[in-house]
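# Coordinate inspection notes
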Amino acid sequence: MRRLLIAGNWKMHMTAGETEHFFKDFLPPFSEEPLKGALAKGHIEVAFFPAFTSLYVASFAMEGAPKGFSLGAQNVHWEAKGAFTGEISPSMVAESGCRYCLVGHSERRHLFGETDEMTQRKIGALHDVSLKPVFCVGETLEEREKGKTFPVVERQLLAGFDGVPSEKLSLETVVAYEPVWAIGTGKTASESDAQEACHYLRAVVARHFGKDAADGIRILYGGSVKPGNTAKLLAMDDIDGVLVGGASLKSDSFLDIVKAAVTTLGA
Ligand code: PGA
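Residues numbered from 1 in each chain as written. Predicted model: local features only at pLDDT ≥ 70, side-chain atom pairs only at ≥ 80, totals over all residues. Heavy atoms only, no water.

### A few points about the overall build of the protein chain
- A count of helical and extended segments in the protein chain gives 13 helices and eight strands.
- Against the 2.2 N^0.38 benchmark of 18 Å for 267 residues, the protein chain shows a C-alpha radius of gyration of 17 Å, consistent with a compact globule.
- On the principal axes, the C-alpha backbone points of the protein chain span a range of 45 × 45 × 35 Å.
- Taking all 267 residues of the protein chain together, the buried fraction comes to 51%.
- Within the protein chain, residue pairs in contact and separated by at least 24 positions form 73% of the contacts whose partners lie at least 6 positions apart. (Helix = DSSP H or I, 4+ residues; strand = E, 2+ residues; numbered from the N terminus. Rg over C-alpha atoms; globule rule 2.2 N^0.38 Å. Buried < 20%, exposed > 50% of the residue type's maximum accessible area, 1.4 Å probe, protein only. Contact = heavy atoms within 4.5 Å.)

### Some words on the site of the ligand
- Taken together, the neighbourhood of the ligand is formed by 13 residues, with Lys11, His105, Glu178, Gly184 and Ser224 sitting nearest.
- One nitrogen or oxygen atom from the main chain of Ser224 is found 2.8 Å from an oxygen atom belonging to the ligand.
- At 2.8 Å, a backbone N or O of Gly245 approaches an oxygen atom of the ligand.
- Alone, the ligand offers 280 Å² of accessible surface; in the complex the protein occludes 95% of this. (Near = heavy atom within 4 Å. Polar contact = N/O pair within 3.5 Å; in protein donor to acceptor, adjacent residues only side chain to side chain. Areas by Shrake-Rupley, 256 points an atom, 1.4 Å probe, with all protein chains shown as cover.)

### Some thoughts on the pairing of strand β7 (residues 218-222)
- Across the five residues that make up β7, a large majority, five, are buried.
- Here β7 shows a buried face lined by Arg218, Leu220 and Gly222 and a second buried face lined by Ile219 and Tyr221.
- Sheet topology note: the strand β6 (residues 174-177)/β7 ladder contains four bridges and is parallel. In the strand pairing of β7, Val174 is matched with Arg218.
- Bridge count between β7 and strand β8 (residues 241-244): two bridges; the pairing is parallel. Following the sheet pairing, Tyr221 is matched in β8 by Val242.
- Each parallel crossover has a hand, and the one from β7 via helix α12 (residues 227-234) to β8 is right-handed. (Pairing = 2+ DSSP bridges. Right-handed = clockwise from strand over helix to strand, strands pointing away.)

### Here's the deal with the pairing of strand β5 (residues 132-137)
- In terms of residue burial, β5 counts as a mostly covered element, since six of its six residues are buried.
- Burial along β5 is two-sided: the residues Lys132, Val134 and Cys136 and Pro133, Phe135 and Val137 are all buried.
- Two strands pair when backbone bridges link them, and strand β4 (residues 100-103) and β5 are joined in this way by four bridges, in the parallel orientation. By the bridge assignment for β5, Val103 is matched with Phe135.

### Observations regarding the sheet that holds β7
- Around the barrel, which closes on itself, the eight strands sit in the order β1-β2-β3-β4-β5-β6-β7-β8 with parallel pairing between neighbours. Strand after strand, the sheet turns through a mean of 25° between neighbouring axes, direction not considered.
- Sheet analysis places strand β1 (residues 4-9) next to strand β2 (residues 44-49), joined by six bridges and oriented parallel. If you follow Asn9 over to β2, its bridge partner there is Phe49.
- Across the face of the sheet, helix α13 (residues 251-265) comes into contact with β1, β2 and β8 while running at roughly 170° to β1. (Axes fitted to C-alpha atoms, helices over the stretch in contact; angles between N-to-C directions.)

### Structural notes on the pattern of salt bridges
- Summed over all chains, the structure comprises 18 salt bridges.
- Between Glu114 and Arg108 there is a salt bridge whose closest N-O contact spans 3.5 Å.
- Judged by its relative accessible area of 7%, Glu114 is buried.
- A relative accessible area of 24% means that Arg108 is categorised as partly exposed.
- Bridged by salt links that share partners, the residues Arg2, Arg202, Asp238 and Asp240 form one connected network. (Salt bridge = Lys/Arg side-chain N within 4 Å of Asp/Glu carboxyl O.)

### Examining the side chain of Ser170
- One can find Ser170 in helix α9 (residues 166-172).
- Ignoring sequence-local partners within four residues, the contact set of Ser170 consists of Asp212, Ala213, Gly216 and Ile217.

### As for the nonpolar core
- Core analysis: the largest hydrophobic core is formed by 68 residues, its most contacted members being Ile6, Phe26, Phe48, Phe69, Phe161, Tyr221 and Phe254.
- Membership of the second largest hydrophobic core comes to 12 residues, among which are Val134, Cys136, Leu220 and Leu243. (Core = buried A, V, L, I, M, F, W, Y, C linked by side-chain atoms within 4.5 Å.)

Here is the structure:
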């Protein structure tokens, strides 16, 4: 069974002070059932992707928390060090207490020019320091309307994974299918459309990297995930978690998403 990953991408929100406040509200319910048991059994993992400036505060806040919480960064440079003003290296991310790092998020692709080639370099650099990429792929509305969803996500996936050994995929890599038209728009993909795309991506992994990689790799759905649509999405065979933007910024709505995920485990 693949472990469910419920991930909150905070984007450019939440100062260090706001982060501290968030965790004061968010963590207490995890010392009670059913959340306590679900985390302790290792069936679910909850990850946060705060801004770089809030990573230390988040890591400190989580120190006393039960196992099952993780941190991730929202971006990374592929070089180990050098004259790259404003950039953050993989080992800097790792030392900040992160286990994960987003790569290829649509905002990075569309607003900051992140290319397929850059995603490939970042994924390799993250694996080199044992960080797990959460690799985002997804089509625009125009591409979907032209029937190009599958070729677009396949191109993105294979470009990013070029040269990655298959054993790195099953346990050390996460894919997030995030249709661009669903991000921050309130329009969620239907669970069957999300399942179809995630199933397709898993089949692409199987074809190019083998069955073990395809069986092990976790594939998330992201794009206007809310407490009300989480359970339906997670009930789909190929959806192993959710990547949540807006609804992860308020502790009560993100908690409701985690609770909805726990109900799908029957825990
Ligand atoms: P959203 O963002 O949940 O606000 O649509 C998702 C994401 O960008 O990862």
